[in-house]
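Analysis of the macromolecular model
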Amino acid sequence: MVQYYLALVILRLSAWLPLPVLHGIGYLIGLLLTAIPNRLHSTTAHNLRRCFPSLTEIDRRRLVRCCLIETARTLVETGALWLRPGDRALALIRSVDRRELVDEALQQGRGVILATPHLGSWEAAGLYGGAQFRMTCLYRQLRMAKLEQLVREARSRLGARYVTTSAAGIRAMYRTLEQGGTVALLPDQEPQAGSGVFAPFFGIPAWSTVLLARMARRTGAQVVFAWCERLPGGRGYDLHFRPAPADIDNADLAVAVGAMNRAVEELVRECPEQYQWGYRRFRRRPEGEVPFYPE
């Protein structure tokens, strides 16, 4: 109960603060996370060490610090994106790059699958997609159940529809695509056992979702990758759309999922400091392989 009220106060306070102030607070929190031992720091450092082995130790430490700052900014900006009036939140998106990839597919009567990895501000990208495309989004329920209603209302207030990662939710995603609509999902979230395959991500086998590939194959929907870049100085965000590789709907799931992971990797390389490296992306390992993360 205390955690719920504390989270509520922080969210409502951040909804009133200007974005430059919020990102300044995020900068200070990021520096603190860099200075003291914590799991987020150790996971970020370990992921970057394995995914960017050619970096010098100095460059890697600098990247770890930048990543922790951006992770902190992701957290502190959430209230502004969830609780501000919709027009004020959308006004934070300063430019949109290659939106025609979505518009052309919709004009042809094809459904669109927006693949939005944990890069930049995926909450800002979700608000834009809801307002512009009335998309259906797949999400996992929060661990803090008392916040569930507030978060769902905040995320859906501009037109998005959020469905859980259940059989009913997935059926709703398919119906949206079959009607020529837009859906969105996270292509880099580790799926449950039995719902994925191992495919390379930064050269490392990663347990990866097959849902995107199956949806694209079954419905013929156009897959478009999207991410919202956080601009310096708290100036807002630039939204980027990118085409999916040709093999994204390959009948061979290993080929299709490999193409999906390569596409996510290319986006991450555009702005590696804004990726969620604190996520234990490589937690599940192929049979017989040693654990990726030291406990």
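Scroll up for the structure.
What comes next concerns the included structure. (Residues numbered from 1 in each chain as written. Predicted model: local features only at pLDDT ≥ 70, side-chain atom pairs only at ≥ 80, totals over all residues. Heavy atoms only, no water.)

Summing up its helical and strand segments, the chain has twelve helices and nine strands in all. A globule of 295 residues ought to have a C-alpha radius of gyration of about 19 Å, and the chain, at 19 Å, matches this closely. Here the C-alpha coordinates of the chain stretch approximately 50 × 50 × 40 Å along the principal axes. Taken across its 295 residues, the chain has 52% of its residues classed as buried. Expressed as a percentage of contacts within the chain between residues at least 6 apart in sequence, the contacts between residues at least 24 apart total 75%. Here the chain carries 38 positive and 27 negative side-chain charges, and the mean point of each set is 6 Å from the other. (Helix = DSSP H or I, 4+ residues; strand = E, 2+ residues; numbered from the N terminus. Rg over C-alpha atoms; globule rule 2.2 N^0.38 Å. Buried < 20%, exposed > 50% of the residue type's maximum accessible area, 1.4 Å probe, protein only. Contact = heavy atoms within 4.5 Å. Lys, Arg positive; Asp, Glu negative; His and termini not counted. Charge placed at Lys NZ, Arg CZ, Asp CG, Glu CD.)

Geometrically, a packed helix pair is captured by the angle between its two axes and the distance between the axes. Two elements in contact, helix α10 (residues 167-178) and helix α11 (residues 211-219), have axes separated by 10 Å at closest approach and are oriented at 35°. Note on packing geometry: the crossing formed by α10 with α11 is right-handed. From α10, I170, M173, Y174, L177 and E178 reach across to α11, where they touch L211, R214, M215, R218 and T219. Looking at the contact of α10 with α11, its residues break down into six nonpolar, one polar and three charged. (Axes fitted to C-alpha atoms, helices over the stretch in contact; angles between N-to-C directions. Left-handed = near helix turned anticlockwise from the far one by under 90°. Nonpolar A, V, L, I, M, F, W, Y, C, P; charged D, E, K, R; others polar.)

With respect to the helices and strands, the residue T176 is situated in helix α10. Accessibility expressed as a relative area gives 11% for T176, which makes it buried. With 41 residues separating them in the primary sequence, T176 and M135 have C-alpha atoms 8.2 Å apart. With residues up to four places along the chain from it excluded, the contact list for T176 reads T136, G181, T182 and V183. Polar contacts involving the side chain of T176 include one to the main-chain carbonyl oxygen of A172, which spans 3.0 Å. (Polar contact = N/O pair within 3.5 Å; in protein donor to acceptor, adjacent residues only side chain to side chain.)

Moving on, we get to the pattern of salt bridges. Think of it this way: side chains of opposite charge can pair up when their charged atoms draw near. Counted by the stated rule, this structure contains 14 salt bridges. We note a salt bridge from R73 to E70, for which the minimum N-O separation is 3.0 Å. Placement of both R73 and E70 in helix α4 (residues 57-76) is noted, with a separation of three residues, approximately one turn of the helix. Between R283 and E190 there is a salt bridge; the shortest N-O distance is 2.6 Å. Of this pair, R283 sits in the segment after α12 (253-270) while E190 sits in the loop between β5 (182-185) and β6 (196-201), and the two are 93 residues apart along the sequence. The class for E190 is buried, based on a relative accessible area of 5%. (Salt bridge = Lys/Arg side-chain N within 4 Å of Asp/Glu carboxyl O.)

What follows covers the nonpolar core. The biggest cluster of nonpolar side chains holds 47 residues, and the ones touching the most others in it are I113, L212, M215, F225, W277 and F282. Sort the elements by how many residues they give to this core and α12 lands first, with six residues. Excluding residues within four positions of it along the chain, L212 makes contact with I113, A115, L185, P187, V223, I248 and M260. Core analysis: the next-biggest nonpolar cluster, separate from the first, contains 31 residues, L19, A80, C137 and C228 among them. (Core = buried A, V, L, I, M, F, W, Y, C linked by side-chain atoms within 4.5 Å.)

We now examine the packing of helix α3 (residues 39-51) against α4. It is at 10 Å that the axes of α3 and α4 come closest, and there the two elements cross at 130°. The orientation of α3 with respect to α4, classified from their angle, is oblique. With respect to the hand of their crossing, α3 and α4 are arranged in right-handed fashion. Here L40, H41, T44, A45, L48 and R49 of α3 lie close against α4, whose contacting residues are R60, L63, V64, C67, L68 and T71. In terms of residue class, the contact of α3 with α4 is built from seven nonpolar, three polar and two charged. (Parallel < 35°, antiparallel > 145°, perpendicular 65-115°, else oblique.)

Glancing now at the packing of aromatic side chains. Evaluated as defined, the whole model comprises 14 aromatic pairs. Centroid distance Y139 to Y162: 5.8 Å. Interplanar angle 80°. Geometry classified as edge-to-face. With Y139 in strand β3 (residues 136-139) and Y162 in strand β4 (residues 161-164), this residue pair connects regions lying 23 residues apart in the sequence. Both residues of the pair, Y139 and Y162, count as buried. With 6.2 Å between their ring centres and 35° between their planes, F201 and F282 make a pair best called tilted. Of the two residues, F201 sits in strand β6 while F282 sits in the segment after α12, which places them 81 residues apart along the sequence. Overall, the relative accessible area of 0% leaves F282 in the buried class. Taken together, F52, F201, F202, Y275, W277, F282, F292 and Y293 form an aromatic cluster joined through their ring pairs. The ring of Y174 carries R218 above its face, with NZ or CZ at 4.1 Å from the centroid. Geometry around F201 places R281 over its ring, the cationic atom sitting 5.8 Å from the centre. (Phe/Tyr/Trp six-rings, centres within 6.5 Å; stacked < 30°, edge-to-face > 60°. Lys NZ or Arg CZ within 6 Å of the ring centre and 35° of its normal.)

All right, on to the environment of V255 then. Along the chain, V255 turns up in helix α12. Along the chain, V255 and A199 lie 56 residues apart, while their C-alpha atoms are 8.5 Å from each other. Those residues in contact with V255, other than ones at most four positions away along the chain, are D247 and N250.

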